[in-house]
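# Commentary on secondary and tertiary structure
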Amino acid sequence: MAGPLSNDQASQLQALYAEMAPKNLLPLWESLAQLVLPEPSSPARPHKWDYDGARAYLMRAGDLISAKQAERRVLILENPGLDGLSAITPSLYAGLQLILPGEVAPAHRHSQCALRFVLEGDGAFTSVDGEKAVMRPFDLVLTPGGQWHDHGNPTDQPMVWLDGLDIPTVRHFDASFAEQYEAEQFPEQAPPGDSLNRYGRNMRPLKGRSADRRPAHQPLFHYPYAEWRPALDALAASGADPDPHLGHALEFLNPVNGGPIMATISAHVRLMPAGFETRARRATDGTVFVVVEGEGRAWVEDEEIALVPRDILVVPSWKALRLKADSRLVLFGYSDKACQEKLNLYREDNT
Ligand code: 1HN
């Protein structure tokens, strides 16, 4: 029957709802429009954390609790629209981690995939299944799900990096497992940089008698700034036009299959020449950006946000982003595009 409900119908329906509710039965027709949206309407909000401000709190935490006591000394970057969820977007987590000179963050492993993007310090390490990646500013280091990892800082300076994890995604699937290693550090299995040499140069080990030590699906876990940054410069110098929505942009790959760096997380870098202004673009992958270099401005829908190095900006799903480079602007970004593409959900609007 079409048309509005009669008073009698409405009151009988209310009585039905009240009787059903204790039996955990609910009328879909009262909530269908909120459940199946015509387009994304993220509860997440655009937000920027300025590095110096966040760093001051992180250093205060460093005076009060050790990395060992905390297991991981991290300040969570919680989206102001996702209160209490420890999430920067509905599917992703971000945090700022501090390791002081001489400290170790003990070995553990878990289902969640993690990336680290180095913001400060030079020479601490992440060890993944017993192989160290020595971390330099703006390096990208992965700890794919299920791999033992510990961090240490043998230098005389604090090390700070951004942690990006798929914690809310794993929570969504109720699929989290975690365990501590019996010792503080996982025993060394290979010299530092070994898998970068074997898998990170467009080559891979020729099968011989030595078995592959790294997991076949995820052998490479270090993407150094010293390699990705010159690649962007070379692109810019080649005379190629920057993409009107992205600038000069490169995505980090898993060398096994040319796909995204991990099962649930994609990452990229982009360079916008001084004065360049992108066209507005929206995509279903809410994205966390880190300013690596330069100054500029972002507009998320109509909100203007100033950008300086080490700022962290989150742009929710389907919010139009426009960028202007006041000086040459270099950004790192990560998102759940990898996961959405597997689920045939990813969309972008580049008009
Ligand atoms: C984790 O393993 C690290 O290994 C950092 O550095 C942050 C947040 C939640 C769960 C695991 C790390 C984390 C984390």
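Relevant structure appears above.
These numbers come from a predicted model, not from an experiment.

Let's shift gears to the pattern of salt bridges. Inspection of every chain in the model, using the stated rule, returns 21 salt bridges. Two residues, Arg116 and Asp163, come together in a salt bridge whose shortest N-O distance is 2.6 Å. Of this pair, Arg116 sits in strand 5 (residues 114-120) while Asp163 sits in strand 10 (residues 159-165), and the two are 47 residues apart along the sequence. Accessibility assignment for this pair places Arg116 and Asp163 in one class, buried. The salt bridge partner of Glu227 is Arg201, with a shortest N-O separation of 2.5 Å. Linking Glu227 in helix 7 (residues 225-237) with Arg201 in the loop between helix 6 (194-199) and strand 12 (222-223), this pair joins segments that are 26 residues apart in sequence. A network of salt bridges, in which partner residues are shared, links Glu131, Asp194, Arg198 and Arg213.

Take the site of the ligand next. Taken together, Arg72, Tyr93, Gln97, His108, His110, Arg116, His149, His151, Asp163, Leu165 and Ile167 are the residues near the ligand. Contact distances for the ligand include 2.6 Å between an oxygen atom and a side-chain N or O atom of His108. Here an oxygen atom of the ligand and a side-chain polar atom of His151 are 2.5 Å apart. Protein chains shield 84% of the accessible area of the ligand, which is 330 Å² for the free molecule. Put simply, the parts of the chain that give the shell around the ligand at least two residues each are strand 3 (93-99), strand 4 (104-110), strand 9 (149-152) and strand 10. A breakdown of the residues in the shell around the ligand according to their chemical character gives 3 nonpolar, 5 polar and 3 charged.

Attention now goes to the sheet that holds strand 16 (residues 266-272). Taking strand neighbours across the sheet as the criterion, the 6 strands line up as 1-21-18-23-16-13 in an open arrangement whose pairing is antiparallel. Both edges of this open sheet fall to strand 1 (47-49) and strand 13 (248-251), since each of them pairs with a single strand only. Sheet twist, expressed as the average angle between the axes of neighbouring strands with direction ignored, equals 20 degrees. Sheet topology places strand 13 next to strand 16; 4 bridges connect them, and they run antiparallel.

Rules and cut-offs
- One numbering rule holds for all chains: residues counted from 1, following each sequence as written.
- Only residues with pLDDT of 70 or above have their local features reported here, since the model is predicted, and side-chain atom pairs are shown and tallied only from 80 upward, although totals for entire chains, interfaces and linings are computed over all residues.
- Hydrogen atoms and water are omitted, and side-chain values are computed over all heavy atoms in the structure.
- A pair is scored as a salt bridge if a Lys or Arg side-chain nitrogen falls within 4 Å of a carboxyl oxygen belonging to Asp or Glu.
- The secondary structure listing takes helices from DSSP runs of H or I that are at least 4 residues long and strands from runs of E that are at least 2 residues long, numbered from the N terminus.
- Only protein chains enter the calculation, and the probe is 1.4 Å; a residue is then buried if its accessible area is under 20% of its type maximum, exposed if over 50%, and partly exposed in between.
- Put simply, a residue is near a molecule or strand once any heavy atom of it comes within 4 Å of that molecule or strand.
- The term polar contact refers here to a pair of N or O atoms within 3.5 Å; inside protein, the definition further demands a hydrogen-donor-capable atom paired with an acceptor-capable atom, and it admits residues adjacent in sequence only when both atoms are side-chain atoms.
- Each accessible area is a Shrake-Rupley estimate made with a 1.4 Å probe; only the visible protein chains count as cover when residues are assessed.
- Gly is put with the polar residues, along with every residue not named as nonpolar or charged; the nonpolar set is Ala, Val, Leu, Ile, Met, Phe, Trp, Tyr, Cys and Pro, and the charged set is Asp, Glu, Lys and Arg.
- Strand pairing is assigned whenever DSSP detects at least two bridges linking the two strands.
- Simply put, an axis is a line fit to the C-alpha atoms, just over the touching stretch for a helix, and the angle between two N-to-C directions goes from 0 to 180 degrees.

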